[in-house]
Amino acid sequence: MKLIKSVIFACALMTLCQAKAVTIHKSYKLDDGNYRVTLTLGNKKHSTTSWVRTESRRLLLQEITTKKGEMRTISFVVHKRSPRIDDKTSVKLKDRELKYLNWDDSLTIDIICDYPSLADIKVEADTSAITLFLCGNSTVVDQEDEPWASWGQMIPRWFDDRISIANYAESGERTTSFIAANRWAKVISMAKPGDYIFVEFGHNDEKDKGAGTGAWYNFSTNLKRFIDEARAKQCQLVLVTPTARRSFRNGLNQNTHGEYPDAAKAVAQRERVPLIDLTEMSTTLFNAMGDEGSKKLLVHYPANSFPNQPKALADNTHFNTFGAYEISKCIVMGIKKAGLPIAQYLRNDWTDFNPAQPDNPQSWNWPAVGIADSVKPDGN
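Residues numbered from 1 in each chain as written. Predicted model: local features only at pLDDT ≥ 70, side-chain atom pairs only at ≥ 80, totals over all residues. Heavy atoms only, no water.

Asker: Teacher, can you tell me more about the overall build of the protein chain here?
Answerer: Helix and strand counts for the protein chain stand at 7 helices and 17 strands. For the protein chain, the C-alpha radius of gyration of 20 Å lies close to 21 Å, the compact-globule estimate for 380 residues. With the principal axes as the frame, the protein chain shows a C-alpha extent of 65 × 50 × 40 Å. For the protein chain, the proportion of contacts with a sequence separation of at least 24, taken over those separated by at least 6, is 77%. Carbon and sulfur atoms form 49% of the exposed surface of the protein chain, whose accessible area is close to 15600 Å². (Helix = DSSP H or I, 4+ residues; strand = E, 2+ residues; numbered from the N terminus. Rg over C-alpha atoms; globule rule 2.2 N^0.38 Å. Contact = heavy atoms within 4.5 Å. Areas by Shrake-Rupley, 256 points an atom, 1.4 Å probe, with all protein chains shown as cover.)

Dropping the structure here:
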């Protein structure tokens, strides 16, 4: 067992602390697929609090507490992938993705704890879990580095071991580039009957110019293709309208996505597929927190808040870990509103969320262990 001493960069949302944490890092070379991880957590001499993340900072378990001498056994299922599709075809990764843990040949598990808490671990192939594939851009992707985050890497925390979240999103992607880079082909190659595919695009599609572009032509056509090919694999596709940007005027957050949310709604209605209106819910969330308060959802930090961050960050598109966590709750509420059967697999500690009544950012705790990067993700 390899123990790595690390510094917790961020305590709560905006403040730094110097407390030490222990990161237990485990890595297994495995083929593509889903894997059931069973952990026994606890310490004979100390009470413990543990966080469990996998691959590129996917949150699986949040603040698991044990009393002195107590042991808790918990299971979850993790999706492991590589770029390879077949002998001739692979996902066309961007240069920065070459270092992502999501795309390497191993399944990585990190247990972050105040005292060493891993008593036992078992990793085994799983073919029974339903896979929920995520397709999208920087607001969905598993962000590799602090302080960036997305709802896609937070949502695994809400599901039990009958669901595996497979996040294939990437920063800067639009429907056309997602297809051209073989990302969609990889999703379809891995999908099996009964799986789900969530699709959220729009942020970058709306910047396309020229013949054939636009919400009602190229964008809508690509969404239709996704639906058709998902149906051919007997999977349930769910359209998700794009998350709002922070853009206040006269005290209210404004729509910056033009006709793209309406286009997604029209395709969903015409094709009779479920839709999650994340544009509406995230706008409600921004308005509830207000012009200034909504910065606490996003990557807005003074200079030197994180290592390798010499300049202030003020990003109105990309979420920090608290914002990503709140947006993941919006997605779950969208799942419930749409009546999707996977809602029955939510963990027992889930409580319904109203974006008009967001959580207090001061109560948020995220042990930010690892690399920090001040370079903004692709896309806006």
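Back to the write-up after that little detour.
Asker: Would you mind showing me how to read helix α3 (residues 183-190) here?
Answerer: Count 3.6 residues to each turn of an α-helix, and residues three or four apart come out pointing the same way. R183, W184, K186, V187 and I188 are the residues of α3 that are buried. As for α3, its buried residues are in contact with β9 (130-136), α2 (175-180), β11 (196-200), α4 (215-232) and β12 (236-240). (Buried < 20%, exposed > 50% of the residue type's maximum accessible area, 1.4 Å probe, protein only.)

Asker: Explain the side chain of H203 to me, please; I cannot follow it from the model alone.
Answerer: Inspection of the secondary structure assignment puts H203 in the loop between β11 and α4. Of the polar contacts made by the side chain of H203, one reaches the backbone oxygen of T243; its length is 3.0 Å. Setting aside its immediate chain neighbours within four residues, H203 contacts N137, T139, P242, T243, R245, H257, T317 and N380. (Polar contact = N/O pair within 3.5 Å; in protein donor to acceptor, adjacent residues only side chain to side chain.)

Asker: Honestly, the state of the cysteines in this entry has me stumped. Any pointers?
Answerer: Joining two cysteines, a disulfide is a covalent bond between their sulfur atoms. For the coordinates displayed, the defined rule picks out 0 disulfides. C235 supplies the cysteine sulfur nearest to C135, a cysteine that is in no disulfide, at a spacing of 11 Å. Under the relative-accessibility criterion, C135 is labelled buried at 1%. (Disulfide = S-S within 2.5 Å.)

Asker: Explain the sheet that holds strand β10 (residues 163-167) to me, please; I cannot follow it from the model alone.
Answerer: Either a parallel or an antiparallel arrangement is found when strands of a sheet pair, and the pairing is made through backbone hydrogen bonds. A sheet is described by the order of its strands in space; here 5 strands give the open sequence β10-β9-β11-β12-β15, paired in parallel fashion. Strands with a single pairing partner mark the edges of an open sheet, and in this sheet they are β10 and β15 (275-276). (Pairing = 2+ DSSP bridges.)

Asker: Could you clarify how one ought to interpret the sheet that holds strand β6 (residues 72-80) in this entry?
Answerer: Strand order in the open sheet made by the 3 strands is β6-β3-β8, with antiparallel pairing throughout. For this open sheet the edge positions go to β6 and β8 (118-125), each flanked by a neighbour on one side alone. Averaged over all neighbouring strand pairs, the angle between strand axes comes to 20°, with direction disregarded. As paired strands, strand β3 (residues 33-41) and β8 are joined by 7 bridges and run antiparallel to one another. In the strand pairing of β8, T40 is matched with D120. (Axes fitted to C-alpha atoms, helices over the stretch in contact; angles between N-to-C directions.)

Asker: Even after reading the chapter, I still don't get helix α6 (residues 278-293), so can you show me in this structure?
Answerer: Helix length check: α6, at 16 residues, gives a terminal C-alpha distance of 20 Å against a target of 22 Å (1.5 Å per residue), a shortfall beyond 12%. Of all bends in α6, the biggest is about 55°, found at N287. (Expected span 1.5 Å × (residues − 1). Bend = angle between axes of the 7 residues up to and from the residue.)

Asker: What is the right way to read the pairing of strand β7 (residues 106-113) from this model?
Answerer: Taken residue by residue, a regular strand's side chains alternate between the two faces of the sheet. Burial within β7 is extensive, with 8 of its 8 residues counted as buried. On β7, burial covers both faces: S106, T108, D110 and I112 on one face and L107, I109, I111 and C113 on the other are all buried. Taken together, the 5 bridges between strand β4 (residues 48-54) and β7 define a ladder with antiparallel strand orientation. Across the sheet, W51 pairs through a bridge with I112, a residue of β7.

Asker: Please explain the packing of aromatic side chains as it appears in this structure.
Answerer: Any aromatic ring pair is given by two values, namely how distant the centres are and how the planes are angled relative to each other. One pass over the full model with this rule turns up 15 aromatic pairs. Ring geometry for Y325 versus W364: centroids 4.4 Å apart, planes at 40°, classification tilted. Of this pair, Y325 sits in helix α7 (residues 321-337) while W364 is found in the segment after α7, placing the two residues 39 residues apart along the sequence. Summarising the burial analysis for this pair, Y325 and W364 share the class buried. Among the aromatic side chains, those forming a connected cluster through ring pairs are W51, W158, F322, Y325, W350, W364 and W366. (Phe/Tyr/Trp six-rings, centres within 6.5 Å; stacked < 30°, edge-to-face > 60°.)

Asker: Would you explain the nonpolar core in this entry?
Answerer: Soluble globular proteins tend to pack their nonpolar side chains together in the buried interior. Among the nonpolar cores identified, the biggest contains 51 residues, and I155, F159, F198, I331 and I342 are the most heavily contacted of them. Listing elements by their share of this core, those giving two or more residues are β9, α1 (151-154), β10, β11, β12, α6 and α7. Considering every element that reaches this core, the biggest residue donor is α7, with 9 residues. Dropping the residues within four chain positions of it, F159 is found in contact with I165, I335, I342, Y345, L346 and R347. Within the second largest apolar cluster, 32 residues are counted, among which are C135, Y168, V199 and V273. (Core = buried A, V, L, I, M, F, W, Y, C linked by side-chain atoms within 4.5 Å.)

Asker: Which parts of the structure should I look at to understand the pattern of salt bridges?
Answerer: Opposite charge on two side chains allows them to pair when their charged atoms are near. A full pass over the atoms with the stated rule returns 29 salt bridges. D349 is the salt-bridge partner of R157, the closest N and O atoms lying 2.7 Å from each other. Of this pair, R157 sits in the loop between α1 and β10 while D349 sits in the segment after α7, placing them 192 residues apart in sequence. On the basis of relative accessible area, R157 is assigned to the buried category, the value being 8%. (Salt bridge = Lys/Arg side-chain N within 4 Å of Asp/Glu carboxyl O.)

Asker: Even after reading the chapter, I still don't get the packing of α6 against α7, so can you show me in this structure?
Answerer: Pairs of packed helices are described in terms of their axes, by the angle between the two and the distance that separates them. At a minimum axis separation of 10 Å, α6 and α7 run at an interaxial angle of 135°. One way to sum up the angle between α6 and α7 is to call them oblique. In this structure, the crossing between α6 and α7 has a hand that is right-handed. Of the residues in α7, those in contact with L278, M281, S282, L285 and M289 of α6 are F322, E326, I327, C330, I331, M333 and G334. When its residues are assigned to classes, the contact of α6 with α7 shows 9 nonpolar, 2 polar and 1 charged. (Parallel < 35°, antiparallel > 145°, perpendicular 65-115°, else oblique. Left-handed = near helix turned anticlockwise from the far one by under 90°. Nonpolar A, V, L, I, M, F, W, Y, C, P; charged D, E, K, R; others polar.)

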